[in-house]
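Topology and contacts: notes
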Amino acid sequence: MQKDFKLLFIGDIVGRCGRNIVKKFLSENNKKSEYDFVIANVENASHGFGLTKKNYDELEACGIDCMTSGNHIWDKKDILTYIDEADILIRPYNYHKSVSGVGYRIFDNGMIVINLLGKTFMPPIDCPFVALEEIIQELKNKINIDDKIIFVDFHAEATAEKQCFARFAFDLGVSAVVGTHTHVQTADECILDGHAYLTDVGCCASKMGVIGMEYQPSLKRLMTSVNERFDVEMSAPYVFNACEIIFSENRAKSINRISFEYSILEEQDSEN
(Lines give C-alpha, C1' and ligand atoms only; values in the text may rest on other atoms or scores of the structure.)
Protein backbone atom coordinates (compact mmCIF):
# COMPACT_ATOMS: atom_id res chain seq x y z
CA MET A 1 0.00 0.00 0.00
CA GLN A 2 1.34 3.41 -0.99
CA LYS A 3 2.12 5.65 1.98
CA ASP A 4 0.36 8.94 2.51
CA PHE A 5 1.91 12.04 0.93
CA LYS A 6 2.51 14.96 3.31
CA LEU A 7 2.76 18.47 1.86
CA LEU A 8 3.75 21.70 3.63
CA PHE A 9 2.68 25.04 2.15
CA ILE A 10 4.36 28.09 3.71
CA GLY A 11 2.61 31.47 3.66
CA ASP A 12 4.00 34.65 2.08
CA ILE A 13 7.61 35.11 3.22
CA VAL A 14 8.18 38.78 4.06
CA GLY A 15 11.76 40.07 3.93
CA ARG A 16 14.78 38.93 5.92
CA CYS A 17 12.92 38.06 9.11
CA GLY A 18 10.48 35.98 7.05
CA ARG A 19 13.32 34.07 5.43
CA ASN A 20 14.96 33.48 8.80
CA ILE A 21 11.67 32.26 10.29
CA VAL A 22 11.34 29.71 7.49
CA LYS A 23 14.94 28.54 7.88
CA LYS A 24 14.44 28.19 11.63
CA PHE A 25 11.24 26.18 11.28
CA LEU A 26 12.60 23.79 8.64
CA SER A 27 15.86 23.19 10.48
CA GLU A 28 14.39 22.65 13.96
CA ASN A 29 14.38 18.94 14.85
CA ASN A 30 14.99 18.16 11.16
CA LYS A 31 11.43 19.35 10.42
CA LYS A 32 12.03 19.30 6.67
CA SER A 33 12.31 15.50 6.73
CA GLU A 34 8.69 15.22 7.96
CA TYR A 35 7.37 16.40 4.60
CA ASP A 36 7.39 14.82 1.15
CA PHE A 37 7.14 18.22 -0.53
CA VAL A 38 7.52 21.84 0.62
CA ILE A 39 6.03 24.83 -1.22
CA ALA A 40 6.41 28.49 -0.21
CA ASN A 41 5.08 31.77 -1.56
CA VAL A 42 8.11 34.03 -2.13
CA GLU A 43 6.81 37.16 -3.85
CA ASN A 44 7.71 39.34 -0.83
CA ALA A 45 10.87 37.53 0.25
CA SER A 46 13.37 40.28 -0.71
CA HIS A 47 12.78 43.36 1.47
CA GLY A 48 9.03 42.81 1.16
CA PHE A 49 8.92 43.27 -2.62
CA GLY A 50 9.96 40.64 -5.14
CA LEU A 51 12.73 38.02 -5.07
CA THR A 52 16.43 38.42 -5.80
CA LYS A 53 18.55 35.59 -7.18
CA LYS A 54 20.53 35.52 -3.92
CA ASN A 55 17.36 34.99 -1.88
CA TYR A 56 16.03 32.42 -4.37
CA ASP A 57 19.22 30.38 -3.89
CA GLU A 58 19.06 30.87 -0.11
CA LEU A 59 15.49 29.56 0.13
CA GLU A 60 16.13 26.64 -2.19
CA ALA A 61 19.12 25.63 -0.04
CA CYS A 62 16.99 25.53 3.13
CA GLY A 63 14.75 22.82 1.69
CA ILE A 64 11.94 24.42 -0.31
CA ASP A 65 10.95 22.23 -3.28
CA CYS A 66 8.73 24.74 -5.12
CA MET A 67 8.28 28.51 -4.91
CA THR A 68 5.04 30.21 -5.90
CA SER A 69 4.50 33.95 -6.18
CA GLY A 70 2.03 36.68 -7.13
CA ASN A 71 1.73 40.21 -8.45
CA HIS A 72 4.84 41.42 -6.55
CA ILE A 73 7.19 38.89 -8.16
CA TRP A 74 8.28 41.55 -10.68
CA ASP A 75 9.22 44.20 -8.09
CA LYS A 76 12.92 43.31 -8.18
CA LYS A 77 14.05 43.59 -11.80
CA ASP A 78 16.72 41.04 -10.97
CA ILE A 79 13.94 38.47 -11.50
CA LEU A 80 14.08 38.94 -15.28
CA THR A 81 17.74 37.85 -15.35
CA TYR A 82 17.10 34.41 -13.87
CA ILE A 83 13.40 33.43 -13.83
CA ASP A 84 13.65 31.34 -17.00
CA GLU A 85 16.42 29.23 -15.42
CA ALA A 86 14.86 29.02 -11.93
CA ASP A 87 13.51 25.49 -12.13
CA ILE A 88 11.50 25.49 -8.89
CA LEU A 89 9.98 28.99 -9.24
CA ILE A 90 6.48 29.67 -10.61
CA ARG A 91 4.86 32.99 -11.49
CA PRO A 92 1.10 33.39 -11.96
CA TYR A 93 0.04 31.64 -15.16
CA ASN A 94 -2.57 34.19 -16.16
CA TYR A 95 -0.11 36.89 -17.18
CA HIS A 96 0.27 37.48 -20.92
CA LYS A 97 1.92 34.61 -22.81
CA SER A 98 4.94 36.82 -23.61
CA VAL A 99 5.86 37.18 -19.90
CA SER A 100 8.97 35.33 -18.73
CA GLY A 101 8.73 32.29 -16.48
CA VAL A 102 6.11 29.55 -16.23
CA GLY A 103 2.78 29.31 -14.43
CA TYR A 104 2.83 25.65 -13.45
CA ARG A 105 5.32 22.83 -13.03
CA ILE A 106 5.21 19.04 -13.06
CA PHE A 107 7.75 17.67 -10.61
CA ASP A 108 9.60 14.35 -10.77
CA ASN A 109 7.49 12.86 -7.97
CA GLY A 110 4.33 13.58 -9.98
CA MET A 111 3.37 16.65 -7.94
CA ILE A 112 1.78 19.41 -10.05
CA VAL A 113 1.85 22.99 -8.71
CA ILE A 114 -0.13 25.81 -10.35
CA ASN A 115 -0.02 29.54 -9.55
CA LEU A 116 -2.87 31.90 -10.51
CA LEU A 117 -3.88 35.49 -9.72
CA GLY A 118 -7.41 36.53 -8.83
CA LYS A 119 -9.23 39.39 -10.58
CA THR A 120 -11.25 41.10 -7.85
CA PHE A 121 -9.49 44.21 -6.39
CA MET A 122 -6.32 43.14 -8.23
CA PRO A 123 -4.39 44.57 -11.22
CA PRO A 124 -5.93 43.71 -14.62
CA ILE A 125 -5.17 40.09 -15.47
CA ASP A 126 -6.52 37.28 -17.65
CA CYS A 127 -9.42 35.33 -16.15
CA PRO A 128 -8.08 32.70 -13.70
CA PHE A 129 -11.07 30.43 -14.30
CA VAL A 130 -10.43 30.27 -18.04
CA ALA A 131 -6.69 29.98 -17.38
CA LEU A 132 -7.19 26.95 -15.14
CA GLU A 133 -9.31 25.23 -17.79
CA GLU A 134 -6.47 25.85 -20.24
CA ILE A 135 -3.85 24.42 -17.86
CA ILE A 136 -5.87 21.29 -17.13
CA GLN A 137 -6.32 20.66 -20.85
CA GLU A 138 -2.57 21.18 -21.44
CA LEU A 139 -1.80 18.71 -18.66
CA LYS A 140 -4.21 16.12 -20.07
CA ASN A 141 -2.47 16.42 -23.44
CA LYS A 142 0.88 15.66 -21.76
CA ILE A 143 0.23 13.12 -19.02
CA ASN A 144 -2.41 11.09 -17.21
CA ILE A 145 -3.47 13.39 -14.37
CA ASP A 146 -6.02 11.05 -12.78
CA ASP A 147 -3.54 9.88 -10.14
CA LYS A 148 -1.63 13.17 -9.70
CA ILE A 149 -1.78 15.61 -6.80
CA ILE A 150 -2.61 19.03 -8.28
CA PHE A 151 -2.05 21.97 -5.92
CA VAL A 152 -3.08 25.57 -6.70
CA ASP A 153 -1.75 28.68 -4.96
CA PHE A 154 -4.56 31.12 -5.71
CA HIS A 155 -3.11 34.58 -5.08
CA ALA A 156 -6.20 36.73 -4.62
CA GLU A 157 -7.81 39.43 -2.51
CA ALA A 158 -11.50 38.56 -2.23
CA THR A 159 -12.72 35.70 -0.07
CA ALA A 160 -15.75 35.07 -2.29
CA GLU A 161 -13.57 34.75 -5.37
CA LYS A 162 -11.27 32.31 -3.58
CA GLN A 163 -14.15 30.13 -2.41
CA CYS A 164 -15.83 30.12 -5.81
CA PHE A 165 -12.56 29.40 -7.61
CA ALA A 166 -11.85 26.43 -5.34
CA ARG A 167 -15.20 24.78 -6.09
CA PHE A 168 -14.59 25.37 -9.81
CA ALA A 169 -11.07 23.93 -9.55
CA PHE A 170 -12.23 20.82 -7.68
CA ASP A 171 -14.71 20.06 -10.46
CA LEU A 172 -11.74 20.09 -12.86
CA GLY A 173 -9.78 17.57 -10.78
CA VAL A 174 -7.59 19.87 -8.65
CA SER A 175 -6.62 18.26 -5.32
CA ALA A 176 -6.09 21.39 -3.20
CA VAL A 177 -6.56 25.16 -3.42
CA VAL A 178 -4.89 27.38 -0.82
CA GLY A 179 -5.04 31.17 -0.98
CA THR A 180 -2.28 33.72 -0.53
CA HIS A 181 -1.89 37.53 -0.82
CA THR A 182 -3.73 38.94 2.22
CA HIS A 183 -1.05 37.67 4.67
CA VAL A 184 -3.69 36.97 7.36
CA GLN A 185 -4.30 33.30 8.13
CA THR A 186 -7.96 32.32 7.97
CA ALA A 187 -9.65 29.63 10.06
CA ASP A 188 -11.76 27.93 7.40
CA GLU A 189 -9.59 24.96 6.42
CA CYS A 190 -11.73 22.07 5.23
CA ILE A 191 -11.93 18.91 3.14
CA LEU A 192 -14.63 18.99 0.47
CA ASP A 193 -15.21 15.53 -0.99
CA GLY A 194 -11.50 14.71 -0.95
CA HIS A 195 -10.25 18.19 -1.88
CA ALA A 196 -8.41 20.53 0.53
CA TYR A 197 -9.18 24.24 0.87
CA LEU A 198 -8.00 27.22 2.94
CA THR A 199 -8.85 30.84 2.05
CA ASP A 200 -5.48 32.25 3.14
CA VAL A 201 -2.45 30.50 4.61
CA GLY A 202 -1.04 33.69 6.19
CA CYS A 203 2.57 34.90 6.22
CA CYS A 204 6.01 34.56 7.79
CA ALA A 205 6.83 37.97 9.23
CA SER A 206 7.04 40.18 12.29
CA LYS A 207 3.81 40.03 14.26
CA MET A 208 4.27 43.72 15.10
CA GLY A 209 3.94 44.78 11.46
CA VAL A 210 0.95 45.50 9.24
CA ILE A 211 0.95 42.40 7.02
CA GLY A 212 4.70 42.34 7.65
CA MET A 213 5.43 46.01 6.95
CA GLU A 214 6.15 48.88 9.36
CA TYR A 215 3.13 50.33 11.17
CA GLN A 216 3.78 54.10 10.89
CA PRO A 217 4.08 54.30 7.06
CA SER A 218 1.05 52.01 6.77
CA LEU A 219 -0.95 54.25 9.09
CA LYS A 220 0.10 57.42 7.27
CA ARG A 221 -0.88 56.03 3.89
CA LEU A 222 -4.27 54.89 5.14
CA MET A 223 -4.96 58.25 6.80
CA THR A 224 -3.70 60.51 4.00
CA SER A 225 -4.08 58.35 0.85
CA VAL A 226 -0.58 59.53 -0.11
CA ASN A 227 1.85 56.81 -1.18
CA GLU A 228 4.52 55.99 1.40
CA ARG A 229 7.74 54.00 1.21
CA PHE A 230 7.13 50.73 3.01
CA ASP A 231 9.86 48.88 4.88
CA VAL A 232 9.72 45.43 6.43
CA GLU A 233 8.98 45.39 10.17
CA MET A 234 11.88 43.57 11.85
CA SER A 235 10.92 43.53 15.55
CA ALA A 236 9.85 40.52 17.62
CA PRO A 237 7.70 38.53 18.02
CA TYR A 238 7.69 36.68 14.69
CA VAL A 239 5.05 34.38 13.26
CA PHE A 240 5.40 31.33 11.00
CA ASN A 241 2.18 30.58 9.11
CA ALA A 242 1.71 27.50 6.95
CA CYS A 243 -0.60 24.55 6.41
CA GLU A 244 0.03 20.86 6.02
CA ILE A 245 -2.08 18.63 3.81
CA ILE A 246 -2.04 14.85 3.85
CA PHE A 247 -3.03 13.04 0.66
CA SER A 248 -3.86 9.42 0.04
CA GLU A 249 -2.98 9.07 -3.63
CA ASN A 250 -4.49 12.29 -5.05
CA ARG A 251 -7.26 12.66 -2.47
CA ALA A 252 -6.85 14.99 0.50
CA LYS A 253 -7.38 13.31 3.87
CA SER A 254 -6.68 16.27 6.12
CA ILE A 255 -5.60 19.90 6.16
CA ASN A 256 -4.26 21.63 9.25
CA ARG A 257 -3.14 25.20 9.82
CA ILE A 258 0.28 25.78 11.39
CA SER A 259 1.06 28.93 13.35
CA PHE A 260 4.23 29.19 15.44
CA GLU A 261 5.42 32.30 17.23
CA TYR A 262 9.11 33.01 17.86
CA SER A 263 10.30 35.58 20.39
CA ILE A 264 13.83 35.72 18.97
CA LEU A 265 15.58 34.99 15.69
CA GLU A 266 19.27 34.50 15.06
CA GLU A 267 20.53 36.87 12.35
CA GLN A 268 21.44 34.59 9.45
CA ASP A 269 22.17 37.23 6.81
CA SER A 270 22.29 41.02 6.54
CA GLU A 271 20.30 41.60 3.36
CA ASN A 272 16.71 42.74 3.91
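Structure's up top.
What comes next is a walk through the structure. As the structure is a computational prediction, the values presented were derived from the model and not from experiment.

So, about the sheet that holds strand S8 (residues 176-180). Hydrogen bonding along the main chain pairs the strands of a sheet, whether they run parallel or antiparallel. Taken together, the 6 strands give an open sheet; going across it, the order is S5-S6-S7-S8-S10-S9, and neighbouring strands pair in mixed fashion. Two strands close off the open sheet at either side, each with one partner strand: strand S5 (104-106) and strand S9 (190-192). Adjacent strand axes in the sheet meet at a mean angle of 20°, parallel and antiparallel pairs treated alike. Pairing between S8 and strand S10 (residues 195-198): 3 bridges, direction parallel. Considered in S10, the bridge of Val178 is made with Leu198. Packed onto the sheet, helix H4 (residues 128-142) meets S5, strand S6 (112-117) and strand S7 (150-155) and runs at close to 160° relative to S6.

Cis geometry marks the peptide bond from Ala236 to Pro237; its omega dihedral reads 0°. Note on placement: Pro237 falls in the loop between helix H6 (215-224) and strand S12 (238-248). For Ser225, which is not a glycine, the phi torsion comes out positive at approximately 65°. Its identity is not glycine, yet Glu249 carries a phi of approximately 60°, on the positive side. You can see Glu249 is positioned in the loop between S12 and strand S13 (251-262). Assessed through its relative accessible area of 55%, Glu249 is described here as exposed.

In this section: H4. In this model, H4 (15 residues) spans 21 Å end to end at C-alpha, consistent with the 21 Å of a helix rising 1.5 Å per residue. Of the residues making up H4, those classed as buried are Pro128, Ala131, Leu132, Ile135, Ile136 and Leu139. Buried residues of H4, viewed axially, fall in a sector of 135°; they line one side. The inward-facing, buried residues of H4 contact S5, S6, S7 and helix H5 (159-171).

Analysis parameters
Residues numbered from 1 in each chain as written. Predicted model: local features only at pLDDT ≥ 70, side-chain atom pairs only at ≥ 80, totals over all residues. Heavy atoms only, no water. Pairing = 2+ DSSP bridges. Helix = DSSP H or I, 4+ residues; strand = E, 2+ residues; numbered from the N terminus. Axes fitted to C-alpha atoms, helices over the stretch in contact; angles between N-to-C directions. Contact = heavy atoms within 4.5 Å. Buried < 20%, exposed > 50% of the residue type's maximum accessible area, 1.4 Å probe, protein only. Expected span 1.5 Å × (residues − 1). Arc of directions from axis to C-beta.

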